[in-house]
Each structure stands twice: as C-alpha cells, then as structure tokens.
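Listed below are the residues making up each chain.
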Amino acid sequence: MSIIIHIYYTGIKGNALKFAKEMVSSGTVSKIRQAEGNLAYDYFVSMDNEETVLLVDRWTDQEAIDRHHASSMMDTILKLREKYDLSMRVERYVSDEAGIPETDQKFIRE
C-alpha cells in the first residue's frame, strides 16, 4: 500500500508555475524526494487551466507523511505558497495492491 496525494495549486499571473519552479530550483523537491518514505514528488502543468499546477506526491504510509509534515521543508513550502498566494484542492488515494487488472493491460503501451 502507498498513499498518493494530488494537490492542485491555482494562482494568478502564472504564480502556480513560478511556485513549482522555485520548489525545484531551491532544492526543496530534491530533499523531499530523498526523504524516507517518499516514492514520488512530481509537478504537472494543466492543459485546461494554465493557472493550475498538479503535484503528485506519493508516500509509503501515513507515518512518512507525518514525518514530512513535521520537517523543516514544510516551513519552506508554506512560505512559498504564501509568497505566490496559491489556493489548493487536495485529493487523497490509497494504492491498489492488486495492480492493473488484466482486462486493462491491453490498453497499455509500454
């Protein structure tokens, strides 16, 4: 099992993308990816709304997320969110350990 978090950051005047770029350029993303329990931390740009950036954040378990939230990196993230005046929408998922069903496999090109 893993926990996947989708955070949709929305701002104005390109602020969501500026936020994501600063998260990368400041080294914060690299530090988060190296944190115990982090499985993925990636930003994606919306094709439908240029003012929204999606963060896909994946952790081994809730304890790993709790450690992340207690880390000094959260201070950096909170300050940058404030700097760029971003609103957020959050979705949380638990992975399906069974994997991709065989009936869906035929639609996947590797």
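Here the structure is shown first, and the text comes after it.
The present account deals with the structure reproduced in this document. Since we're looking at a predicted model, the values are computed, not measured.

Cut-off values and rules
Within every chain, residues take consecutive numbers counted from 1 along the sequence as written. The predicted nature of this model means local features are confined to residues of pLDDT at least 70 and side-chain atom pairs, given and counted, to a pLDDT of 80 or more, with totals for whole chains, interfaces and linings taken over all residues. Water and hydrogen atoms were dropped before computing side-chain values, which therefore reflect all heavy atoms in the structure. Nonpolar cores are built from buried Ala, Val, Leu, Ile, Met, Phe, Trp, Tyr and Cys residues. Side-chain atoms within 4.5 Å join them into one set. Between buried and exposed lies partly exposed: a residue is buried under 20% and exposed over 50% of the maximum accessible area for its type, with that area taken using a 1.4 Å probe on protein chains only. The way it works is that DSSP assigns letters per residue, a run of H or I at least four long becomes a helix, a run of E at least two long becomes a strand, and they are numbered from the N terminus. Contacts are assigned to residue pairs that have any heavy atoms within 4.5 Å of one another. For two strands to count as paired, DSSP must find a minimum of two bridges between them. Helix axes use the C-alpha atoms of the stretch in contact, all axes being lines fitted to C-alpha atoms, and the angles between their N-to-C directions lie in the range 0 to 180 degrees. Centres within 6.5 Å make a pair out of two Phe, Tyr or Trp rings, where for Trp the six-membered ring is used; the pair is then stacked when the planes are under 30 degrees apart, edge-to-face when over 60, and tilted otherwise. We define a salt bridge as a side-chain nitrogen of Lys or Arg found within 4 Å of a carboxyl oxygen belonging to Asp or Glu. Here the word oblique covers every angle except those under 35 degrees (roughly parallel), over 145 (roughly antiparallel) and from 65 to 115 (roughly perpendicular). Crossing chirality is assigned from the near helix's rotation relative to the far helix, an anticlockwise turn below a right angle marking it left-handed and a clockwise turn marking it right-handed.

1. Some words on the nonpolar core
By size, the foremost hydrophobic cluster in this structure holds 23 residues, and its most contacted members are Tyr9, Phe19, Met23, Ile32, Tyr41, Tyr43 and Ile77. Put simply, the parts of the chain that give this core at least two residues each are strand E1 (3-10), helix H1 (15-25), helix H2 (28-34), strand E2 (38-45), strand E3 (52-59), helix H3 (62-70) and helix H4 (73-83). Contacts of Phe19, omitting those with residues within four sequence positions, involve Tyr9, Tyr43, Ile77, Leu80, Arg81, Tyr84 and Leu86.

2. Observations concerning the sheet that holds strand E4 (residues 87-94)
Spatially, the four strands line up as an open sheet ordered E2-E3-E1-E4, and their pairing is antiparallel. Only two strands of the sheet have a single partner each, and these edge strands are E2 and E4. Along the sheet, successive strands turn relative to each other by an average axial angle of 15°, direction set aside. In the sheet, E1 pairs with E4 via eight bridges, with the strands oriented antiparallel. Its bridge partner being in E4, His6 is matched across the sheet by Glu91.

3. So, the packing of aromatic side chains
With the rule as written, the count across this model stands at three aromatic pairs. Summarising the aromatic geometry, the rings of Tyr9 and Phe19 are spaced 4.7 Å apart at their centres and angled 50° between planes, so their arrangement reads as tilted. Here Tyr9 is found in strand E1, whereas its partner Phe19 is found in helix H1, with 10 residues between them in sequence. For the pair Tyr9 and Phe19, one class covers both residues: buried.

4. Here's the deal with the pattern of salt bridges
For the structure on display, the rule yields three salt bridges. A salt bridge links Asp42 to Arg33; the shortest N-O distance between them is 3.1 Å. Owing to a relative accessible area of 42%, Arg33 belongs among the partly exposed residues under this scheme.

5. Comments concerning unusual backbone geometry
Positioned with a positive phi, Lys13 is a non-glycine residue whose angle comes to about 55°. Residue placement: Lys13 occurs in the loop between E1 and H1. Despite not being glycine, Asp85 has its phi angle at roughly 50°, a positive value. The residue Asp85 is located in the loop between H4 and E4 in this model.

6. Comments concerning the packing of H1 against H4
Taken N-terminus to C-terminus, the directions of H1 and H4 make an angle of 150°; their axes are 10 Å apart at the nearest point. Taken together, the axes of H1 and H4 lie roughly antiparallel to each other. The two elements H1 and H4 meet at a crossing, and its hand is right-handed. The segment H1 lies against H4, with Phe19, Glu22 and Met23 engaging Ile77, Leu80, Arg81 and Lys83.

7. Looking at the environment of Ser30
Here Ser30 is to be found in helix H2. Classification of Ser30 by relative accessible area gives partly exposed; the value is 37%.

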